[in-house]
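A look at the structure
Chain by chain, the residues run as shown.
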Protein chains: 2
Amino acid sequence: MDAADPCKSELLRDFRRSLPMELLKAREAAMSRFRPMLRDHGFTEQQWRVIRALSDYAGIDATELARHSFLLAPSLTRILQYLEGENLVTRRSDARDQRRAVFSLTRKGRAAFDRVAPYSESLYANIEAEFGRDRLETLYTLLSQFYHTLAAAEEDAGSAG
Amino acid sequence: MDAADPCKSELLRDFRRSLPMELLKAREAAMSRFRPMLRDHGFTEQQWRVIRALSDYAGIDATELARHSFLLAPSLTRILQYLEGENLVTRRSDARDQRRAVFSLTRKGRAAFDRVAPYSESLYANIEAEFGRDRLETLYTLLSQFYHTLAAAEEDAGSAG
DNA sequence: TGAATTAAGTTAACATGTTAAGTATACTGC
DNA sequence: GCAGTATACTTAACATGTTAACTTAATTCA
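Notes on the structure follow. (Residues numbered from 1 in each chain as written. Chains lettered and ligands numbered in written order. Predicted model: local features only at pLDDT ≥ 70, side-chain atom pairs only at ≥ 80, totals over all residues.)

Digging into the protein's contact with DNA strand C
For DNA strand C, the set of nearby residues contains 26 residues, the closest of which are A:D61, A:A62, A:T63, B:S75 and B:Q98. Of all the elements in the fold, those that place two or more residues in the surface near DNA strand C are α2 (19-40), α4 (62-69) and α5 (73-85) of chain A together with α3 (45-56) and α5 (73-85) of chain B. No other element matches the five residues that α5(B) contributes to the surface near DNA strand C. (Near = placed C-beta within 6 Å. Helix = DSSP H or I, 4+ residues; strand = E, 2+ residues; numbered from the N terminus.)

Here it is as structure tokens:
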């Protein structure tokens, strides 16, 4: 029942039908480390993704922000409204394209990022130490390949259809 | 910019801070194949997980069902209430333990499973064909190891604290 | 130029995720 | 056999996920 030598035949039996759930379980295993820490600092996982994205890319519009934080537009709209209300984020409308709004961290938002980021780094370091750097790197590479492979096929289907 | 030979230094730069998001992106790449199909059949992803679990393990209680479908108790409660309302699932209380309720698929629920499962299998087969069986197997194994490694450490921390 | 189309966000409606608190039943030890 | 505790859900409250519809601004093209 434990993970020392997982029964490979059972693993293969479930293989074809549970990859998304295995991705979910792996992600939850990681996030259960981060969520309590973020909560202690008053952030949800998604709010933190937005703040982190704005820390890397200041002054980007909502479409780019959605891409970097991997959030759907309606979720991002709500999160930005909340973060603006907390004075963590500011919105300016783009003079060249009135449809667009561009966002940045406020001083308070940047301070929040600087305060929380070290805890985040530390938790990642723990995970790396537990799972092993090489295996983690292999996993990361495979995930990236998986995403790009399936996303590319999606695009082909879209342009062909 | 494409995935043929991803810039490894950039990959490593983001490595420490974005594993959960890479897991999320990979999962979304897979689920974006399944969600429209499930929707056409009137199910959400989570409702389908419950039906699939009950197809494998008939007559289990909510705790086991939560474990097999990887849902939190409050979500499962709501989903089971909905599925009961649709006459897809039945609930019986356990005579030996009145706290427990055990669940099974109705005839209609089983029919729904039999109707949808082939589409699901077919989409998995596509993914396997696109990404490659060996790589998919490696990915699956790494994900399982990752989950068990982090979950085990969690338990240790829990029993130690 | 002006109608049709596209793009960028937002809103709406409903389902689920997450945490905390609540309720009822079972168990445990004295 | 009863108080204290643990278990198995359930409810509540709020945030996000998902799809569709809507609004406004830019673009296209006849």
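Still more to cover.
As for unusual backbone geometry
A positive phi angle is found at A:F70, which is not glycine, with a value near 50°. Within the secondary structure layout, A:F70 lies in the loop between α4 and α5.

Topic: the sheet that holds strand β1 (residues 60-61) of chain B
All names here are of chain B. The strand order across the open sheet formed by three strands is β1-β3-β2, and the pairing between neighbours is antiparallel. Both outer strands of the open sheet, β1 and β2 (89-93), are each paired with one neighbouring strand and no more. Note that β1 and strand β3 (residues 101-105) share two bridges and pair antiparallel. Bridge pairing in β3 links D61 to V102. Across the sheet, α3 lies against β2 and β3, angled at about 95° from β3, the strand it touches most. (Pairing = 2+ DSSP bridges. Contact = placed C-beta atoms within 7 Å. Axes fitted to C-alpha atoms, helices over the stretch in contact; angles between N-to-C directions.)

Some remarks on the relation of the copies chain A and chain B
When chain A is brought onto chain B, the operation consists of a screw motion whose angular component is 180° and whose axial shift is 0.0 Å, with 0.0 Å RMSD remaining. Within this description, the copies of the chain are treated as partners about a two-fold rotation axis. Rotation axis and chain A: the residue whose C-alpha lies nearest the axis is A:L23, separated from it by 3.1 Å. In this assembly the copies share their binding face: 100% of the residues contributing to the interface of chain A also contribute to that of chain B. (Least-squares fit on C-alpha atoms with pLDDT ≥ 70 in both.)

Remarks on the interface of chain A and chain B
Listed as interface residues are 43 residues of chain A and, on the opposing side, 44 residues of chain B. Residue assignment for the side of chain A that touches chain B shows that the elements contributing at least two residues are α1 (8-15), α2, α6 (107-131) and α7 (133-160) of chain A. The biggest single contributor to the side of chain A that touches chain B is α7(A), with 17 residues. Here the side of chain A that touches chain B is composed, by residue class, of 26 nonpolar, seven polar and 10 charged. (Nonpolar A, V, L, I, M, F, W, Y, C, P; charged D, E, K, R; others polar.)

Some details on the nonpolar core
The biggest cluster of nonpolar side chains holds 34 residues, and the ones touching the most others in it are A:F146 and B:F146. Mapped by element, the contributors of at least two residues to this core are α2, α6 and α7 of chain A together with α2 (19-40), α6 (107-131) and α7 (133-160) of chain B. Ignoring anything within four residues of it in the chain, the contact list for B:F146 reads A:A26, A:A29, A:F131 and A:L139. (Core = buried A, V, L, I, M, F, W, Y, C linked by C-beta atoms within 7 Å. Buried ≥ 20, exposed ≤ 12 C-beta atoms within 10 Å, placed from the backbone.)

Concerning α2(A)
All names here are of chain A. With 22 residues, α2 extends 32 Å between its outermost C-alpha atoms, agreeing within 8% with the 32 Å of an ideal straight helix rising 1.5 Å per residue. The sharpest bend along α2 reaches about 35° and sits at M31. When α2 is considered as a whole, its buried residues turn out to be L19, P20, E22, L23, L24, K25, A26, R27, A29 and A30. Phi for G42, located one or two positions after α2, is positive at around 85°. (Expected span 1.5 Å × (residues − 1). Bend = angle between axes of the 7 residues up to and from the residue.)

What to know about α6(B)
Residue and element names in this part refer to chain B. The terminal C-alpha atoms of α6 lie 36 Å apart, and with 25 residues this matches the ideal 36 Å at 1.5 Å per residue to within 8%. The axis of α6 is deflected most strongly, by about 30°, at V116, and proline P118 appears within four residues downstream. Taken residue by residue, α6 has G109, A112, Y124, I127 and F131 as its buried positions. Remark: G132 follows α6 within two positions and exhibits a positive phi of approximately 100°.

Honestly, it's all geometry; don't read function into it.
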